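Residue strings, one per chain:
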Amino acid sequence: MLGAILDHGPVARSTVARLTGLSPAAVSGHCAQFLARGLVRESPETAGPRGLGRPHIPLEIDTSRYLVAGAHIAVAHSTLALMDLRGRIVVGDRTPHRGTDPQQVLGGLAARLPRMVAAHADGRTVLALGLATGQWVDPEAGVIVDHPRLGWRDVAAREFLTAATGLPVYVDSHSRALARAEQLLGAVATRDSAVLLFVGAVVDAAFATADGVHRGPRSAAGSVAHLPVGPGTDSAEPCTCGTAGCLQSEVSEPALVRQAAARGLEVTDFRALLDLALAGEPRAVDLFRRRALLVGRAVALLLDMFDPEVVVVVEAGSGRLAECLAVLRAEVAARSWVCDDPERAVVPSSFTGSVLPVAGAAVALGALYADPLGPWPVLPAVC
């Protein structure tokens, strides 16, 4: 019900009943609880056609009372953000890591949050904190099981951040978080069945259906870093697994920076390389085109393996450079057995430009929409 109001609000209760298949009485009862909790509000009433019929009092998501906080931990930096209950980023801030000790990184996030709330919350209360990162994350335990690039193993992130912030904390992988964000907030085409492929400093994936996001019995689903995508002739170093041509070793952000150096481009980090490509520097553009081709090979494998409605590609080149998206789709057309319309089936992220702020906050927002009448500490109790 809350999702229907998010999608269609301002919307009449009768329309919510039709959209959800619930009885009008059930919709009225739950909406009364949403109103009491401050999650929705009533808009000015509207009459029926030509002023006939009983006036409707539409409902919409109330963004005036509450926010969720989100944190994303990348290899080189952490992003902290505030998001309203309609999924709009209020503020986001990225800070480089000074070290990769888990307590230092998590403690830094916890210390930054009160300052951000004081400066940007505008009197609204933070309901929860979501944390997203790459690699293997166990949401049920709230543990980052294994993040080789950070050197983290069995980090009890939820326990640490709950104690440090006093907030309910939810933890998940960034690919699953972004898949959930697509379901809640993204384009309609991504709602029913989608594979999300995340290509950043690390590479991983998530598979989402209308019933949720697949985790697997060990919460390890989505490990695609070692999909074979071809000979690694341009790589400066082999994959950590010892096999040439793995997806992550060829297309990750550190790999592209190394490849740029080998081609004589003086860039200090991936963002600088992307800026060169956006400015039209031929060697930088060529690197992103090659990356798009290799990502297209992986996308073709994922399409054939899962047969989803769409594959959402979270990758800076295809999100920002139209020619890279065209290269990626062309490779899918050449290699996939099941995809007959790459322009429909392969789409960039709905959140290009704000992927990392959305990832962390979507973990918390997804938890709220999954159980809006649950025991949220700062919300009024419901009967």
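It should be emphasised that the depicted structure is a prediction, and the values quoted were computed from it without experimental measurement. (Residues numbered from 1 in each chain as written. Predicted model: local features only at pLDDT ≥ 70, side-chain atom pairs only at ≥ 80, totals over all residues. Heavy atoms only, no water.)

### Topic: the nonpolar core
Formed by 50 residues in total, the largest nonpolar core has its most connected members in Ile-5, Ile-61, Val-68, Leu-85, Leu-178 and Leu-365. Not counting the four nearest positions on each side in its chain, Leu-365 is found in contact with Val-68, Met-83, Asp-84, Leu-85, Gly-87, Leu-184 and Leu-185. By size, the runner-up hydrophobic cluster in this structure holds 40 residues, among which are Val-229, Val-267, Leu-274 and Val-313. (Core = buried A, V, L, I, M, F, W, Y, C linked by side-chain atoms within 4.5 Å. Buried < 20%, exposed > 50% of the residue type's maximum accessible area, 1.4 Å probe, protein only. Contact = heavy atoms within 4.5 Å.)

### Observations concerning the packing of aromatic side chains
Within the structure shown, the criterion is met by three aromatic pairs. A ring pair is formed by Tyr-170 and Trp-376, whose centres lie 5.7 Å apart and whose planes are at 35°; its orientation type is tilted. Highlighted residues: Tyr-170 in strand β10 (residues 169–173) and Trp-376 in the segment after α14 (355–370), separated in sequence by 206 residues. (Phe/Tyr/Trp six-rings, centres within 6.5 Å; stacked < 30°, edge-to-face > 60°. Helix = DSSP H or I, 4+ residues; strand = E, 2+ residues; numbered from the N terminus.)

### Concerning the domain arrangement of the chain
For the chain, the domain assignment lists domain 1 (1–47 + 56–61), domain 2 (66–179 + 355–370) and domain 3 (191–349). Placing the centre of domain 2 and that of domain 3 at their C-alpha centroids yields a distance of 24 Å. The junction of domain 2 with domain 3 conceals about 1,600 Å² of combined surface from both sides, 59% of it contributed by carbon and sulfur atoms. In terms of surface lost to domain 3, no three residues of domain 2 exceed Arg-149, Ser-175 and Arg-176, which account for 32% of the buried area on that side. For the pair domain 2 and domain 3, the interface holds one salt bridge. When the shortest N-O distance is used, the salt bridge between Glu-140 and Arg-215 registers 2.8 Å. (Domains from an automatic or database assignment. Buried area = accessible area lost by both parts, 1.4 Å probe. Salt bridge = Lys/Arg side-chain N within 4 Å of Asp/Glu carboxyl O.)

### Regarding helix α4 (residues 102–120)
For an α-helix the count is 3.6 residues per turn, leaving residues at separations of three or four pointing the same way. Relative to the 27 Å expected for 19 residues at 1.5 Å per residue, α4 spans 27 Å between its end C-alpha atoms, a close match to the ideal helical length. Those residues of α4 lying buried are Val-105, Leu-106, Leu-109, Ala-110, Arg-112, Leu-113 and Met-116. In the core, the buried residues of α4 are packed alongside β3 (66–73), β4 (77–84), β5 (89–96), β6 (125–133), β9 (152–155) and α5 (157–165). Its side-chain oxygen at 3.2 Å from the backbone nitrogen of Gln-103, Asp-101 defines the N-terminal cap of α4. (Expected span 1.5 Å × (residues − 1). Polar contact = N/O pair within 3.5 Å; in protein donor to acceptor, adjacent residues only side chain to side chain.)

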